[in-house]
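An overview of the molecular structure
Residue strings, one per chain:
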Amino acid sequence: MSTNGDRFSSFLRRVLPVASTLALAGAAIVSVATPAEGTAPNGLPELKALQEIEQLEYCYAAGTDAIGRGDLATGKQIYAKCFAPDAPVVIWEAGAAPGDPPVISVPSAAAWADLIDVLFADSGYVGTQHLISNVRVDILPGGHRAKITSYLIATHVYDPVSSAHIAYGTYENEAVRTPSGWKLSKRTFRTLSFMRVDSPPP
């Protein structure tokens, strides 16, 4: 009568040759895929650049939301980390036709910060939150300039429990490599929708 030990031994006799063959094949595959000694990974510098450029989008959001909570000085400090000097900011309003001029065009991030500081205060916002997603980066030939496209959902709060302005749209931005890293060289926003949302009274 066959015992459990006999069945296990029989199993090993059948499986081990197959396992050995697969192991050898795997070793061959690994040896083929391994780069030659001293060869640097070609994609690493580009991956680093893509990550650095993507972070510019989130840096912008952080600076804008600092201004949204009334801290203009911090907002400008954050902008200085992600914008090149004299990088223009251009905005098209919701419903604008392709040939329409922008509704806002300022020559620098500092000018943009001053403008939205007044705009947010005059609008009665007590805070903002800019959510940026779907970030797509295209590094142009030469490796020193890039185009960035991203989506925005921005909440501008009148009252934390009852009222807000919600903006949706697309950023079409440009970045340039500088001695201090990648910086935004132009920021363009095309507004898809801008609406006020109010909670019903209790």
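So, a few notes on the structure that sits alongside this text. (Residues numbered from 1 in each chain as written. Predicted model: local features only at pLDDT ≥ 70, side-chain atom pairs only at ≥ 80, totals over all residues. Heavy atoms only, no water.)

1. Some details on the overall build of the protein chain
Here is the rule we go by: Put simply, DSSP marks the helices as runs of H or I at least four residues long and the strands as runs of E at least two long, and each gets a number from the N terminus on. Note on classification: 1.4 Å probe, protein chains only; a residue is buried when its accessible area is under 20% of the maximum for its type, exposed when over 50%, partly exposed between these limits. We call two residues in contact when some of their heavy atoms are within 4.5 Å. Residue-level accessible areas treat just the shown protein chains as cover; the underlying method is Shrake-Rupley with a 1.4 Å probe.
A tally of helices and strands in the protein chain yields four helices and six strands. Reading the protein chain from its N terminus to its C terminus gives the helix and strand order α-α-α-β-β-α-β-β-β-β. Residue burial in the protein chain is summarised as follows: out of 202 residues, 33% are buried. A separation threshold of at least 6 residues defines the contact pool for the protein chain, and within that pool the share at least 24 residues apart is 55%. On the protein chain, roughly 12,400 Å² of surface is accessible, and the fraction owed to carbon and sulfur atoms is 61%.

2. Points about helix 4 (residues 109-123)
In an α-helix there are 3.6 residues to a turn, and that puts residues three or four apart on one side. For clarity, the threshold we go by: Under the convention used throughout, the expected extent of a helix is 1.5 Å for every residue step, that is, one less than its residue count. When we speak of the arc, we mean the arc of directions from the helix axis to the C-beta atoms.
The end-to-end C-alpha distance of helix 4 is 20 Å, a good match for the 21 Å that 15 residues give at a rise of 1.5 Å each. Regarding helix 4, the residues found buried are Ala109, Trp112, Ala113, Ile116 and Phe120. Projection of helix 4 onto a plane perpendicular to its axis shows the buried side chains occupying an angular sector of 100°, all on one side. Seen from the open side of helix 4, the exposed residues pointing more than 90 degrees away from its buried face are Ala121 and Asp122. Buried positions along helix 4 lie against helix 2 (44-68), helix 3 (72-82), strand 1 (89-92), strand 2 (104-106), strand 3 (127-139) and strand 4 (145-159).

3. A closer look at unusual backbone geometry
Phi is positive for Asp86, close to 60°, though the residue is something other than glycine. By the element assignment, Asp86 lies in the loop between helix 3 and strand 1. Positive phi outside glycine occurs at Asn134, with the angle close to 50°. Positionally, Asn134 belongs in strand 3.

4. Quick look at the packing of helix 2 against helix 3
This is how the line gets drawn: Lines fitted to the C-alpha atoms define the axes, with helices restricted to the stretch that makes contact. Angles between their N-to-C directions range from 0 to 180 degrees. These descriptions rest on fixed angle ranges, namely under 35 degrees for roughly parallel, over 145 for roughly antiparallel, 65 to 115 for roughly perpendicular, and the rest for oblique. Here is the rule for handedness: rotate from the far helix to the near one, and if that takes an anticlockwise turn smaller than a right angle the crossing is left-handed, while a clockwise turn gives right-handed. Note that Gly is not counted as nonpolar here; it falls among the polar residues with everything else outside the nonpolar set of Ala, Val, Leu, Ile, Met, Phe, Trp, Tyr, Cys and Pro and the charged set of Asp, Glu, Lys and Arg.
Put simply, helix 2 and helix 3 touch, their axes get as near as 7 Å, and they point 165° apart. Relative to helix 3, the element helix 2 lies roughly antiparallel. You can see that helix 2 and helix 3 cross each other, and the crossing is left-handed. Here Leu56, Cys59, Tyr60, Ala62, Gly63, Thr64, Ala66 and Ile67 of helix 2 come into contact with helix 3, specifically with Leu72, Thr74, Gly75, Ile78, Tyr79, Lys81 and Cys82. Considering only residue class, the contact of helix 2 with helix 3 consists of 10 nonpolar, four polar and one charged.

5. Regarding the sheet that holds strand 1
Filter applied, for reference: Any two strands with at least two DSSP-identified bridges between them are counted as paired.
With respect to topology, six strands assemble into an open sheet ordered 2-1-6-5-4-3, the strand pairing being mixed. Where the open sheet ends on each side, the last strands, each with one partner, are strand 2 and strand 3. Within this sheet the neighbouring strands show an average axis-to-axis angle of 15°, counted without direction. Sheet topology places strand 1 next to strand 2; three bridges connect them, and they run antiparallel. By the bridge assignment, Val89 is partnered in strand 2 with Val106. Strands strand 1, strand 2, strand 3 and strand 4 of the sheet are contacted by helix 4, whose axis makes an angle of about 140° with strand 2.

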